[in-house]
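# Residue-level structure breakdown
Each chain, written out:
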Amino acid sequence: MRRLLSLAGAAALVSTFLLTGGNVASAAPAFQLPFPCGQVWSGQTRTAHSPANAIDFNRANDDGDPVVASAGGRVARVENTGSSSYGRWIEIDHGSGWRSRYAHLSAQRVSVGQQVSRGQRIGDVGTTGGSSGPHLHFEQLLNGSPQRIKFNGATALYWGTKNYTSQNCGGGSSNPYTPQEVCGSGYSVINSAALGTAGRVYLLYKSGNNCVVTIKHTSVGSASAVSAFLEVQGGTRSTDSGSFSYYAGPVVKSAAGKCVKWGGSAGGQSFTSPFQHCG
């Protein structure tokens, strides 16, 4: 009996070897939805799709929404086919023959060879290439062949439309925005403070101007109370507060030659600095 089982196992191994072109398939990465933690997206599969195993994702007003890495890996391709095919697209190599592909992007935020972590922002939803409206075309490939897609270990619905909630909550805060991106080009972080595990408030500076932004680390993608404020000594305090999905701010003030007080809140935690960073 032991020998018969061994022969059966060997036969299965040979079959797998032949079907994969000489490479025994490795387990797939722990793929997650290519969107920030907690977001809900409608995914559609259809037999007439090219390739059929791909998924098209939509939600209301999604043009420009963040697209994040479905799993960690190395950026293998950053391509632009213009007004045809995939338009602006990205492919990430996850090792062992596995890759993920993201197409019709309005912006590509990574470069070839760059290492990315799961949940890291790589681009924006768009409608470039052969697209009739904003959406993300997503594929998972093994040795170049599109596979039936899995998220969090479960196979997606084939064929039809289903709502999926992203559990892409790894890779740190999973917030696709950085304080520099929120405040704008040329700003540099000069101080920051943690708001427990709920987020972090940042003070940035550029050419006599200060900027404060609070970046959420929990409930990312879902509206929750968050705030940011900035006060120049001798002046009034300006605050941005409300129920936001990713961050509060930017709060910007000219502060050349003056001290500033700054801070913010998220998840019931708050921080207020003394007057500092004078000049």
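On a predicted model such as this, the values are computed, not experimentally measured, just so you know. (Residues numbered from 1 in each chain as written. Predicted model: local features only at pLDDT ≥ 70, side-chain atom pairs only at ≥ 80, totals over all residues. Heavy atoms only, no water.)

Turning our eyes to something else, we now look at the overall build of the chain. Scanning the chain from terminus to terminus reveals two helices and 22 strands. By the burial criterion, 43% of the 279 residues in the chain qualify as buried. The long-range share in the chain, meaning contacts at least 24 apart out of those at least 6 apart in sequence, stands at 57%. (Helix = DSSP H or I, 4+ residues; strand = E, 2+ residues; numbered from the N terminus. Buried < 20%, exposed > 50% of the residue type's maximum accessible area, 1.4 Å probe, protein only. Contact = heavy atoms within 4.5 Å.)

Judged by pairing direction, the sheet is antiparallel, and its four strands sit side by side in the order β19-β18-β21-β22 without closing on themselves. Only two strands of the sheet have a single neighbouring strand rather than two, namely β19 (237-244) and β22 (269-272). Each neighbouring strand pair of the sheet contributes to a mean axis angle of 5°, computed without reference to strand direction. Where strand β18 (residues 224-232) meets β19, eight bridges bridge the pair, whose relative direction is antiparallel. Considered in β19, the bridge of Ala225 is made with Ser243. (Pairing = 2+ DSSP bridges. Axes fitted to C-alpha atoms, helices over the stretch in contact; angles between N-to-C directions.)

Attention shifts here to the pattern of salt bridges. Under the defined criterion, the tally for this structure stands at 13 salt bridges. Measuring nitrogen to oxygen at the nearest pair gives 2.8 Å for the salt bridge that ties Asp124 to Arg109. With a gap of 15 residues between them, Asp124 in strand β9 (residues 121-124) and Arg109 in the loop between β7 (107-108) and β8 (115-116) connect regions that are remote in the sequence. Take Asp124: its relative accessible area is 7%, and that puts it in the buried class. Classification of Arg109 as partly exposed rests on a relative accessible area of 39%. In the salt-bridge network here, residues are joined through shared partners; they are Arg74, Glu91, Asp93, Arg99, Arg101 and Glu139. (Salt bridge = Lys/Arg side-chain N within 4 Å of Asp/Glu carboxyl O.)

On to the sheet that holds strand β3 (residues 66-68), then. Spatially, the three strands line up as an open sheet ordered β3-β9-β7, and their pairing is antiparallel. In this open sheet, the two edge strands, each paired with only one partner strand, are β3 and β7. Here two bridges tie β7 to β9, and the two strands are oriented antiparallel to one another. If you follow Ala107 over to β9, its bridge partner there is Asp124.

Now for the packing of aromatic side chains. What the rule picks out here adds up to 13 aromatic pairs. Relative to Tyr164, the ring of Phe151 lies with its centre 5.9 Å away and its plane at 70°, an arrangement referred to as edge-to-face. Highlighted residues: Phe151 in strand β12 (residues 150-151) and Tyr164 in strand β14 (residues 160-165), separated in sequence by 13 residues. Accessibility expressed as a relative area gives 8% for Phe151, which makes it buried. (Phe/Tyr/Trp six-rings, centres within 6.5 Å; stacked < 30°, edge-to-face > 60°.)

Moving on, we get to the nonpolar core. Where a protein is soluble and globular, its nonpolar side chains tend to be buried together. By size, the foremost hydrophobic cluster in this structure holds 23 residues, and its most contacted members are Phe57 and Ile122. Secondary-structure elements contributing two or more residues to this core are β2 (55-58), β5 (88-95), β6 (98-105) and β10 (136-142). Those residues within four positions of Phe57 in sequence are excluded, and the remaining contacts are Leu33, Pro34, Phe35, Trp41, Ser42, Gly43, Asp62, His135, Leu136, Phe138, Phe151 and Tyr164. The next biggest cluster of nonpolar side chains, apart from the first, holds 16 residues, and it includes Ala198, Val226, Leu230 and Ala266. (Core = buried A, V, L, I, M, F, W, Y, C linked by side-chain atoms within 4.5 Å.)

Moving on: the pairing of strand β16 (residues 199-206). Taken together, the seven bridges between strand β15 (residues 188-195) and β16 define a ladder with antiparallel strand orientation. The partner of Ser192 across the bridge, within β16, is Tyr202. What sits between β15 and β16 in their antiparallel hairpin is a turn of three residues, with Gly196 showing a positive phi close to 60°. The hairpin turn running from β16 into strand β17 (residues 209-216), its antiparallel successor, is two residues long, and Ser207 in that turn takes a positive phi close to 50°.

Looking now at the confidence of the model for the chain. On average, residues of the chain score 88 in pLDDT, and 89% of them are at 70 or above. Predicted confidence for residues 1-24 stays below pLDDT 50, and this span has nine contacts to residues more than four positions away or in other chains. (pLDDT = per-residue confidence, 0-100.)

In this section: unusual backbone geometry. Residue Trp159 is bonded to the preceding Tyr158 through a cis peptide linkage, with omega at 5°. Among the secondary structure elements, Trp159 is positioned in the loop between β13 (154-155) and β14. With an omega of 5°, the peptide bond between Gly249 and Pro250 qualifies as cis. With respect to the helices and strands, the residue Pro250 is situated in strand β20 (residues 247-254).

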